[in-house]
Amino acid sequence: MGTVIGFDFGLARIGVAVGETETGHAHPLAVISDEANTARFAAIEKLLAEWKPASLVVGLPVHLDGTEHAMTVRCRRFANQLHGRYGLPVALVDERLSSAEAEERLAEAGHHGWRKQKPRLDSAAAQIILLQYFESARHAAP
């Protein structure tokens, strides 16, 4: 229970969202644009200090048929690094089509030039990953 921070990991950027397990709501929070690990983890540490999450969620990209690829391995490694550095539980969530859904939601909200605002798409994808996590947790509860 409590605050959860979700990540849409990418090589160029990491989309970040925050949500609450009690309400099942999530909101885009930030985009970490640094490519150097030191700067990325410094930004993450700052967000963790501010939001004090109970757990973390990382989107796990896989092919549409569910098979893994190179980014799957990188995201698992990122999740392991988060757990190792901060000691928080980290859940992996299948993120198939989360970016497509984020693109659709942004277009519906009137943000048709999203390609120019790619960071907004990344944080919206992190929001969708968190919403998927909340949905799966709700279905798993007795």
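Here the structure is shown first, and the text comes after it.
Residues numbered from 1 in each chain as written. Predicted model: local features only at pLDDT ≥ 70, side-chain atom pairs only at ≥ 80, totals over all residues. Heavy atoms only, no water.

This part is about the packing of aromatic side chains. Applying the stated criterion across every chain, the model contains four aromatic pairs. Ring centres of Tyr133 and Phe134 lie 5.8 Å apart, and the angle between their planes is 55°; this geometry places the pair in the tilted category. Joined through ring pairs, the aromatic side chains of Phe7, Phe9, Phe41 and Phe78 make up one cluster. Across from the ring centre of Phe41, 3.8 Å away, lies the NZ or CZ of Arg85, which sits over that ring. (Phe/Tyr/Trp six-rings, centres within 6.5 Å; stacked < 30°, edge-to-face > 60°. Lys NZ or Arg CZ within 6 Å of the ring centre and 35° of its normal.)

A separate point is the environment of Gly19. Among the secondary structure elements, Gly19 is positioned in strand S2 (residues 14-20). Residues within four places of Gly19 in sequence aside, it is in contact with Gly2, Thr3, Val4, His25, Ala26, Leu130 and Phe134. (Helix = DSSP H or I, 4+ residues; strand = E, 2+ residues; numbered from the N terminus. Contact = heavy atoms within 4.5 Å.)

We now examine the sheet that holds strand S3 (residues 25-32). Note: strands within a sheet are paired through backbone hydrogen bonds, in either parallel or antiparallel orientation. Taken together, five strands build an open sheet; the order of strands is S3-S2-S1-S4-S5 and the sheet is mixed. Both outer strands of the open sheet, S3 and strand S5 (90-94), are each paired with one neighbouring strand and no more. The average angle at which neighbouring strand axes cross in this sheet is 25°, direction not considered. Here strand S4 (residues 55-60) runs beside S5; their pairing, made up of five bridges, is parallel. Looking across to S5, one finds that Val58 is bridged to Leu92. Running over the sheet, helix H2 (residues 70-86) touches strand S1 (3-9), S2, S4 and S5 and is turned about 170° from S4. (Pairing = 2+ DSSP bridges. Axes fitted to C-alpha atoms, helices over the stretch in contact; angles between N-to-C directions.)

What follows deals with the packing of helix H1 (residues 37-51) against H2. Between two packed helices, the angle of one axis relative to the other and the distance separating the axes together describe the packing. Between H1 and H2, the least distance of the axes is 12 Å, while the angle of their chain directions is 55°. As far as their axial angle goes, H2 and H1 are oblique. Remark: the crossing between H1 and H2 carries right-handed chirality. Together, Phe41, Ile44, Glu45 and Leu48 of H1 and Phe78, Gln81, Leu82, Arg85 and Tyr86 of H2 make up the contact between the two elements. When its residues are assigned to classes, the contact of H1 with H2 shows six nonpolar, one polar and two charged. (Parallel < 35°, antiparallel > 145°, perpendicular 65-115°, else oblique. Left-handed = near helix turned anticlockwise from the far one by under 90°. Nonpolar A, V, L, I, M, F, W, Y, C, P; charged D, E, K, R; others polar.)

The final tally for this structure, using the stated rule, is two salt bridges. For the salt bridge of Arg13 with Asp122, the shortest nitrogen-to-oxygen distance reads 2.5 Å. Taken together, the residues Arg13 in the loop between S1 and S2 and Asp122 in helix H4 (residues 118-140) connect sequence positions 109 residues apart. (Salt bridge = Lys/Arg side-chain N within 4 Å of Asp/Glu carboxyl O.)

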